[in-house]
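# What the coordinates show
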Amino acid sequence: MAVPKHRRPKFRQRNTRMHIYIKAGSTRACGKCGKPVLSHTICQNCGTYRGKEMINVLARLSKRDQKTKEKELKNQEVSLEQK
Ligand SMILES: [Zn+2]
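Everything in this summary refers to the structure shown in the same document. (Residues numbered from 1 in each chain as written. Predicted model: local features only at pLDDT ≥ 70, side-chain atom pairs only at ≥ 80, totals over all residues.)

## A word on the overall build of the protein chain
Tallying secondary structure elements over the protein chain gives 2 helices and 4 strands in all. Along the protein chain, helices and strands appear, N-terminal first, in the series α-β-β-β-β-α. Dimensions of the protein chain, computed from the C-alpha atoms along their principal axes, are close to 60 × 30 × 20 Å. Across the 83 residues in the protein chain, those meeting the buried criterion constitute 5%. Taking the intrachain contacts of the protein chain between residues at least 6 apart in sequence as the baseline, contacts between residues at least 24 apart amount to 14%. (Helix = DSSP H or I, 4+ residues; strand = E, 2+ residues; numbered from the N terminus. Buried ≥ 20, exposed ≤ 12 C-beta atoms within 10 Å, placed from the backbone. Contact = placed C-beta atoms within 7 Å.)

## Observations regarding the environment of I42
Structurally, I42 can be placed in the loop between β2 (36-38) and β3 (48-49). C-alpha of I42 to C-alpha of L58: the two residues are 16 residues apart in sequence and 15 Å apart in space.

## A short note on helix α2 (residues 63-82)
In this model, α2 (20 residues) spans 29 Å end to end at C-alpha, consistent with the 28 Å of a helix rising 1.5 Å per residue. Across the 20 residues of α2, 0 count as buried, placing the element largely on the outside. (Expected span 1.5 Å × (residues − 1).)

## Structural notes on unusual backbone geometry
Excluding glycine, residues mostly have negative phi values, and the peptide bonds linking residues are mostly trans. One non-glycine residue, H40, lies in positive phi territory at about 65 degrees. Taking the C-beta count within 10 Å as the criterion, H40 has 9 such neighbours and is therefore assigned exposed.

## Some remarks on the environment of A29
Mapped onto the elements, A29 comes out in strand β1 (residues 27-29). Between the C-alpha atom of A29 and that of L58, which follows or precedes it by 29 residues, the distance is 21 Å. Once residues within four sequence positions are removed from consideration, A29 is found in contact with G34 and P36.

Any functional reading would require information that these geometric values do not contain.
Okay, structure coming up:
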């Protein structure tokens, strides 16, 4: 097995990892709720991807939380339609 010959200093390690991060420009606004979403991923807020519902966001919530989330989503849709 290959073993590193020298210890890698922290600054060198961090310098390499400087380029491994998500840039701010890679997000887009969700078509349904308008929240910023990473491109090519499902919106975690409303569970839609390209206009279709992929995951049921309400399923894992309690009944009380479901009602508040439903209201929240409706308000977001209404505010988007007005724009
Ligand atoms: Zn959304």
